[in-house]
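# Structure assessment
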Amino acid sequence: MNSSDLFQETYSALLANKARSFLTILGIVIGIASVIAMVSIGQGAQGTIQTSIEGLGSNLLTILPGIVQPGRGIVSAGRGTAQTVKNEDAESLRAIPDVLYVSAEHQRRFQIISQAGNNTNSTVIGATAEYVSVRNVSMDRGAFISDQHNRSMARVAVLGPTVAGDLFGSDDPLGKTIRINKINFKVIGILKAKGSAGFFNPDDVAIVPLTTMQKILAGADYLSTIAVTVSDKDKMPEVQARATELLLERHRVAEPDFSIISQADILGALTQVTTTFTIFLASIAGISLLVGGIGIMNMMLTTVTERTREIGLRKAIGAKNKDISLQFLAEAVMLTFLGGVIGVALGWLVAVLVSQFAGIATSVSIQAVFLAFGVSAAIGIVFGYYPARQASLKNPIEALRYE
Amino acid sequence: MIVCKGITKIYKNHSAGSGEPAIETAAVKNATFDIRDGEFVAIMGPSGSGKSTLMHILGCLDTPTLGTYLLDGKDVSLMDDNELAEIRNQKIGFVFQAFNLLPRANVLRNVALPLVYAGAGKEAREKAAADALASAAFPQNFWGHLPNQLSGGMMQRVAIARALVNNPSLILADEPTGNLDTKTGEAVLHAFQKLHMEQGRTIVLITHESYIAEYAERIIHIKDGEIIEDGKNHRRRLVNNI
Ligand SMILES: Nc1ncnc2c1ncn2[C@@H]1O[C@H](COP(=O)(O)OP(=O)(O)OP(=O)(O)O)[C@@H](O)[C@H]1O
Ligand SMILES: [Mg+2]
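In this numbering scheme, every chain counts its residues from 1 along its sequence in written order. Each chain gets a letter, beginning with A, and each ligand a number, beginning with 1, in the order they are written. Under the rules for a predicted model, residues below a pLDDT of 70 receive no local features and side-chain atom pairs below 80 are neither given nor counted, while totals for whole chains, interfaces and linings still include all residues. Side-chain figures throughout are based on the complete set of non-hydrogen atoms in the structure, without hydrogens or water.

### Some details on the coordination of the magnesium ion (ligand 2)
Where a metal carries four tetrahedral donors, each ideal angle is 109.5 degrees; where it carries six octahedral donors, the ideal angles are 90 or 180 degrees. Residue and element names in this part refer to chain B. Applicable threshold: Any N, O or S atom lying within 2.8 Å of the metal counts as a donor, with the limit raised to 3.2 Å for Na, K and Ca; because water is left out of the atom set, some sites can appear incomplete. Runs of E in the DSSP output that reach at least two residues are strands. Runs of H or I that reach at least four are helices, and both are numbered from the N terminus. Residue burial is assigned from relative accessible area. The probe radius is 1.4 Å, only protein chains are included, and a residue is buried under 20% of its type maximum, exposed over 50%, and partly exposed in between.
Distances from the magnesium ion (ligand 2) to its protein donors, Ser52 (OG) and Gln97 (OE1), fall within 1.9 to 2.6 Å. Placement of Ser52 in helix H1 (residues 51-58) and of Gln97 in the loop between strand S6 (92-95) and helix H3 (107-118) is noted, with a sequence separation of 45 residues between them. Residue Gln97 is classed as partly exposed on the basis of its relative accessible area, which comes to 39%.

### Regarding the nonpolar core
Residue and element names in this part refer to chain B. Where we set the bar: Remark: nonpolar core denotes a set of buried residues (Ala, Val, Leu, Ile, Met, Phe, Trp, Tyr, Cys) joined through side-chain atoms within 4.5 Å. Between two residues, a contact is recorded if the distance between any of their heavy atoms is within 4.5 Å.
The biggest cluster of nonpolar side chains holds 70 residues, and the ones touching the most others in it are Ile2, Leu58, Tyr69 and Leu71. In this view, Ile2 contacts Phe33, Asp34, Ile35, Leu58, Tyr69, Leu70, Leu71 and Leu170; residues no more than four positions away in its chain are not counted. Ala136, Phe138, Ala173 and Ile203 belong to the second largest nonpolar core, which has 43 residues in total.

### Considering the side chain of A:Ser34
To keep things clear, this is the line we draw: Within 3.5 Å is the distance limit for a polar contact, defined as a pair of N or O atoms, with the added protein rule that one can donate a hydrogen and the other accept it, and that residues adjacent in sequence qualify only through two side-chain atoms.
Within the secondary structure, A:Ser34 sits in helix H2 (residues 18-54). Polar contacts involving the side chain of A:Ser34 include one to the side chain of A:Ser288, which spans 3.2 Å.

### Observations concerning empty space enclosed by the protein
Put simply, the rule is: Lining residues are defined by having an atom within 4 Å of a point belonging to a cavity or pocket. Those points lie on a 1 Å grid over the protein atoms alone, cavities being sets where a 1.4 Å probe fits but cannot get out and pockets being open sets with protein on both sides within 12 Å along at least five of seven lines. Grid points are joined across faces, edges and corners, and a volume is the space filled by probe spheres set on the points.
In the structure shown here, the tally under the stated rule is one cavity of 30 Å³ or more. By volume, the largest cavity is sized at about 60 Å³. Looking at the largest cavity, the residues that line it are A:Ala316, A:Ile317, B:Arg88, B:Asn89, B:Ile92, B:Gly93, B:Phe94, B:Pro114, B:Arg162, B:Ala163 and B:Asn166. Taken together, the elements giving at least two residues each to the lining of the largest cavity come down to helix H2 (81-90), S6 and helix H5 (152-164) of chain B. Top element by residues in the lining of the largest cavity is S6(B). It accounts for three residues.

### Regarding the sheet that holds strand S2 (residues 23-35) of chain B
Within a sheet, each strand pairs with its neighbour through backbone hydrogen bonds, oriented either parallel or antiparallel. Residues and elements named next belong to chain B. As a reminder, the rule being used: Note on pairing: two strands pair once DSSP finds at least 2 bridges between them. Axis definition: a line fit to C-alpha positions, over the contact stretch in the case of helices; interaxial angles, taken between N-to-C directions, run 0 to 180 degrees.
Strand order across the open sheet formed by four strands is S2-S1-S4-S5, with antiparallel pairing between neighbours. Since the sheet does not close on itself, it has two edges, and those belong to S2 and strand S5 (74-75), each with one partner. As paired strands, strand S1 (residues 2-13) and strand S4 (residues 66-71) are joined by five bridges and run antiparallel to one another. Bridging from a neighbouring strand, Thr8 pairs with Leu66 of S4. On top of the sheet, H1 reaches S1, S2 and S4; it is set at about 120 degrees to S1, its chief contact.

### A word on the site of ligand 1
Rules: Residue proximity to a molecule or strand is established when one non-hydrogen atom of the residue lies within 4 Å of it. Surface accessibility follows the Shrake-Rupley procedure with a 1.4 Å probe radius. Residue values consider only the protein chains on display as shielding. A molecule is said to be in a cavity or pocket once over half of its atoms fall within 2 Å of that pocket's grid points. Here the term charged refers only to Asp, Glu, Lys and Arg, the term nonpolar to Ala, Val, Leu, Ile, Met, Phe, Trp, Tyr, Cys and Pro, and the term polar to all other amino acids, Gly among them.
Neighbouring ligand 1 are 13 residues; B:Ser47, B:Gly48, B:Lys51, B:Ser52 and B:Thr53 lie closest to it. Taken together, the residues near ligand 1 originate from chains A and B. At 2.7 Å from an oxygen atom of ligand 1 is found a side-chain nitrogen or oxygen belonging to B:Lys51. Here B:Thr53 contributes a side-chain N or O atom positioned 2.6 Å from an oxygen atom of ligand 1. Summarising the interface, the protein chains cover 72% of the accessible area of ligand 1, which totals 640 Å² for the free molecule. The site holding ligand 1 turns out to be the second largest pocket. Here the shell around ligand 1 takes three residues from H1(B), the largest share from any one element. The residue inventory of the shell around ligand 1, partitioned by class, reads two nonpolar, eight polar and three charged.

### Quick word on the side chain of B:Arg162
Counting through the fold element by element, B:Arg162 comes out in helix H5. Within the local environment of B:Arg162, its side chain forms a polar contact with the backbone oxygen of B:Phe99, the two atoms lying 3.2 Å apart. When near neighbours in sequence (up to four residues on either side) are disregarded, B:Arg162 contacts A:Leu313, A:Ile317, B:Phe96, B:Phe99, B:Asn100, B:Leu101, B:Asn110, B:Val111 and B:Pro114.

### Comments concerning the layout of surface pockets
Reported here for the second largest pocket is a volume of approximately 500 Å³. Contributing elements (two or more residues each) for the lining of the second largest pocket: helix H13 (396-401) of chain A together with H1 of chain B. In terms of residue count, the dominant contributor to the lining of the second largest pocket is H1(B) (four residues). Of the residues belonging to the lining of the second largest pocket, the class tally is six nonpolar, ten polar and six charged.

### Notes on helix H10 (residues 308-316) of chain A
Residues and elements named next belong to chain A. With eight of nine residues buried, H10 is to be regarded as a mostly interior element. Within H10, the full set of buried residues consists of Thr308, Glu310, Ile311, Gly312, Leu313, Arg314, Lys315 and Ala316. Following H10 by one or two positions, Gly318 has its phi on the positive side, about 120 degrees.

The structure is reproduced here in structure tokens:
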């Protein structure tokens with residue numbers, strides 16, 4: 001029996017039972033479609049997180065006081081309490097080759113009040129001029145904090161668009177005075193909107209000179225973050241190692257009392273989380289695929305029983321066992337393959353609709369599509385094998401006598 | 001071509017449930033006979049005498065419980081499933097008591113089915129099927145019909161055409177006229193007679209009616225599974241004009 005005969009036999013057998021074939025295919029369609037849709041939602045989430053982290057600056061090393069592990073949070077000596085990283089540490093890091101910029105930062109939440117009486121509770125960051133280059137921010141209007149501002153401990157502030165909107169509405173904040181922790185600051189610039197990074201909104205900030213922050217607002221001499229940009233992505237591990245060595249030496253400790261996190265670490269940790277999430281979604285969808293597969297087996301067993309006389313006849317006129325099993329296996333695989341094709345299309349459609357109407361990013365990958373086809377064909381073979389074998393092992397005489 | 005020595009077929013009936021001993025039915029008992037190439041033999045006997053059982057053994061569909069069956073000199077009981085399937089496909093043409101046509105396939109495809117398993121190409125299959133339908137005197141304008149759109153006599157002829165399509169050396173026909181009126185029955189017998197006389201095929205015709213058996217050259221009488229008489233048919237009938 002050649003493949004075109006086999007195809008024709010299969011086609012006519014499935015058409016002979018349109019309703020039953022349709023319902024069986026539907027089981028597979030739902031299974032495959034939900035796998036595709038779920039995986040696309042998981043991968044979409046992964047993509048969103050990835051781009052937002054890359055948006056923070058790619059060749060970035062972040063030095064935090066205390067021990068912090070990305071994805072697990074603060075392990076010991078929390079960020080708020082650890083005071084181990086100092087301004088001099090930031091200065092010393094400039095000596096490391098391939099370090100481009102060093103941004104020393106001290107951040108804290110304060111109540112900010114406008115003269116009109118509007119107020120907001122936002123993150124206030126004490127920063128230097130290098131903040132702009134390190135954090136990839138750009139100005140919408142006005143100017144950023146300069147070195148001069150830092151030297152003179154100027155009481156000036158740059159507002160993120162969210163803070164500007166909260167305090168001034170549609171008015172122009174440039175040149176106006178705001179009160180942070182009961183101290184007056186003059187607004188000298190507005191940042192361009194960056195959009196939320198998921199867990200931290202870079203637009204909901206006010207930036208003041210680092211010296212002003214440490215001496216006047218917080219009364220503290222330590223830093224909450226040092227952000228370092230490295231000239232080349234490949235130099236990241238080397239710079240990270242040297243910075244660790246340098247800070248250990250400066251702090252005169254054997255075990256680090258600080259953490260150096262690269263973007264790769266954060267990305268890796270979050271990717272792990274979203275991968276787990278994707279696998280979780282896919283396995284729930286996989287269960288419906290399994291149910292679809294059982295539907296295939298059920299239909300094939302019924303078909304084999306119904307067509308016992310046909311099997312007997314085919315054997316009587318010369319069909320070998322493998323011809324019979326191939327015929328029924330082909331029917332099962334055809335069902336699941338059709339289910340796979342329709343399921344991929346439907347799953348894709350669901351993914352598009354979800355991102356359109358629910359605003360969740362989705363991404364249908366080619367791998368997922370091929371995997372779905374492979375899985376659906378495999379289901380046909382796995383769940384079709386037993387019925388096909390039952391068919392092929394029938395005794396021709398008994399099959400012909402079957403009523 | 002056929003040599004049967006002491007062929008016996010015993011069916012064990014496992015009565016459902018309980019531990020009662022299985023009931024054994026001997027459908028064929030110690031049958032010994034030869035059939036030569038090109039012979040036209042009728043096997044005759046009352047209902048339940050074991051005719052169909054014997055035909056299934058001759059057609060390599062079933063194996064005897066005891067005894068040896070040599071087909072063209074080869075012992076059938078030593079063959080595996082695949083070898084038996086190949087023999088059925090190439091050497092034997094069956095006409096079953098119930099026609100056993102595929103309901104989903106039209107006449108032409110039904111007739112061509114044995115050639116599908118022989119691995120023949122589509123064109124060769126259709127040509128052979130057309131020839132076979134012509135030898136079974138099946139009207140051409142019904143070739144595209146499905147079996148359930150045909151009369152019993154037509155279905156019988158499709159079944160005969162299917163038995164001829166692979167050019168078998170042995171044709172086994174189980175009550176081929178059982179469902180037919182005298183006239184269509186005669187047409188079918190005429191087809192067999194032609195195959196025998198013009199093409200020299202070996203034909204084994206199974207029937208319970210002596211008037212049908214009389215078209216054969218030789219009649220084997222069977223009763224309760226035993227051969228009770230085996231000899232030349234001295235009152236041979238011929239179908240002349242159809
Ligand atoms: N699968 C089977 N299991 C048990 N007994 C069987 C089986 N097949 C046939 N028999 C028995 O074997 C005997 C012969 O049956 P067979 O079908 O060969 O008769 P037959 O001569 O063809 O009859 P008919 O003219 O009615 O077709 C019968 O008694 C029948 O009951
Ligand atoms: Mg019978």
